[in-house]
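# Observations on the model geometry
If you want the building blocks of each chain, they are given just below.
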Amino acid sequence: MGQRFLKVAAVYFTIGVLMGLVMGIMQDFRLTSVHAHINLLGWVSMALFGLVYHFYPRAGNTKLAKTQFWLHNIGVPVMQGGLAVEIITGNMALMPVVIGGSLLVILGVILFMFNVFAHVGTLNIGKSDRDVAS
Ligand code: HEM
């Protein structure tokens, strides 16, 4: 799952910095918290998941990692999309959606923690996923 997480992280990084640029140009900082979370949950966290899963393929090549990938990648857009709509419209009706998205992310983080404890051992720098997975 390392490559997948890194590719999605790069997309979030692009969206996050463009959002920051637009916020600065428009002098409209209502979506600052969305920008911050796109950058931190989208770019920083996913890049770190990607690097951990790349360097520890025993953790990356598991069903736990795949499940966590989908929990995170459904949770983040649902949570941040809902939050952005709430902030722009001033209507808090989407709160259950935002909470639901957040819970998916948190569940994924808990799976990541179990995966790290169960499968992260000796660092395998220089070896490919294929070398180590067998
Ligand atoms: C070219 C890239 C970026 C631009 C143009 C940009 C722009 C901005 C702007 C205009 C704000 C609002 C500041 C305010 O409320 O006065 C902001 C806040 C913030 N940004 Fe960025 N940003 C960029 C990249 C990043 C990255 C890469 C991260 C994290 C990895 C990040 C994390 C944050 C955080 C946490 C805040 C909230 C700070 C606070 O509330 O005090 N930003 N950014």
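Position labels on residues start from 1 in each chain and follow its written sequence. The predicted nature of this model means local features are confined to residues of pLDDT at least 70 and side-chain atom pairs, given and counted, to a pLDDT of 80 or more, with totals for whole chains, interfaces and linings taken over all residues. To obtain the side-chain values, all non-hydrogen atoms of the structure were used and water was disregarded.

With an unreviewed UniProt entry as reference, the protein chain is termed Cytochrome-c oxidase, source organism Jeotgalibacillus soli.

## Quick look at the site of the ligand
Any residue with a heavy atom lying within 4 Å of a molecule or strand is counted as near it. Around the ligand, the neighbouring residues are F13, V17, G20, L21, M23, F29, T32, H35, A36, N39, L40 and V44. A distance of 2.8 Å separates a nitrogen atom of the ligand from a polar atom in the side chain of H35. Put simply, DSSP marks the helices as runs of H or I at least four residues long and the strands as runs of E at least two long, and each gets a number from the N terminus on. For the shell around the ligand, the secondary-structure elements that each account for two or more residues are α1 (2-26) and α2 (32-55). No other element matches the six residues that α2 contributes to the shell around the ligand. Side-chain classes are defined by residue name, with Ala, Val, Leu, Ile, Met, Phe, Trp, Tyr, Cys and Pro counting as nonpolar, Asp, Glu, Lys and Arg as charged, and the others, Gly among them, as polar. Taken together, the residues that form the shell around the ligand break down as eight nonpolar, four polar and no charged. Polar contact is defined as a pair of N or O atoms within 3.5 Å, subject to the rule that within protein one atom must be able to donate a hydrogen and the other to accept it, and that residues adjacent in sequence are counted only when both atoms are side-chain atoms.

## Concerning the UniProt feature "transmembrane region" (unreviewed entry) in the protein chain
This chain's UniProt record puts "transmembrane region" (unreviewed entry) on residues 6-26, 38-56 and 93-118. Overall, residues 6-26 shows 100% helix and 0% strand. The separation of its end C-alpha atoms is 30 Å. With 95% helix and 0% strand, residues 38-56 has end C-alpha atoms that lie 25 Å from one another. UniProt positions are given in the numbering used here, feature names are shortened, and annotations may be inferred rather than shown by experiment.

## Observations concerning a nonpolar patch on the surface
On the surface, M92, M95, I99, L103, I106, I110, M113, F114 and F117 cluster together to form a nonpolar patch covering roughly 910 Å² of accessible area. Counting through the fold element by element, I110 comes out in helix α5 (residues 95-119). Relative accessibility decides the category of a residue: with a 1.4 Å probe and only protein chains considered, values under 20% of the type maximum give buried, values over 50% give exposed, and everything between is partly exposed. Taking the relative accessible area as the measure of exposure, I110 reaches 36% and is therefore partly exposed. Patch members must show over 30% relative accessible area and no salt bridge, and they are joined within 9 Å when carrying like charges or within 5 Å when they are nonpolar side chains of Val, Leu, Ile, Met, Phe, Trp or Tyr. Each accessible area is a Shrake-Rupley estimate made with a 1.4 Å probe; only the visible protein chains count as cover when residues are assessed. Each reported salt bridge corresponds to a side-chain nitrogen of Lys or Arg within 4 Å of a carboxyl oxygen of Asp or Glu.

## Considerations on unusual backbone geometry
Of note, Q27 is a non-glycine position whose phi angle comes to about 50 degrees, a positive value. Along the polypeptide, Q27 turns up in the loop between α1 and α2.

## Focus on the pattern of salt bridges
Per the counting criterion, the structure on display carries one salt bridge. Residue R30 pairs with D28 through a salt bridge whose shortest N-O separation is 3.0 Å. A residue is classified by how much of its surface remains accessible, and R30, at 48% relative accessible area, is partly exposed.

## Remarks on the packing of aromatic side chains
What counts as a ring pair is set by centres within 6.5 Å for rings of Phe, Tyr and Trp (its six-membered ring), and what kind of pair is set by the plane angle: stacked under 30 degrees, edge-to-face over 60, tilted for all other angles. Applying the stated rule across the entire model yields seven aromatic pairs. Residues F5 and F69 carry aromatic rings whose centres are separated by 4.9 Å and whose planes lie at 70 degrees to one another, so their mutual orientation is edge-to-face. In this pair, F5 is assigned in helix α1 and F69 in helix α4 (residues 63-89), connecting sequence segments 64 residues apart. With respect to class, F5 is no different from F69; both count as buried. On the basis of an interplanar angle of 5 degrees and a centroid distance of 4.1 Å, the ring pair of F13 and W43 is categorised as stacked. With F13 in helix α1 and W43 in helix α2, the pair connects residues that are 30 residues apart, well separated along the chain. The exposure class assigned to F13 is partly exposed, which follows from its relative accessible area of 34%. Feature note: the residues F5, F49, Y53, F69, W70 and F112 constitute an aromatic cluster, connected by ring pairs. Should the NZ of a Lys or the CZ of an Arg lie within 6 Å of a ring centre and within 35 degrees of the ring normal, that charge is described as sitting over the ring. Taking NZ or CZ as reference, R4 lies 5.4 Å from the ring centre of F69, over its face.

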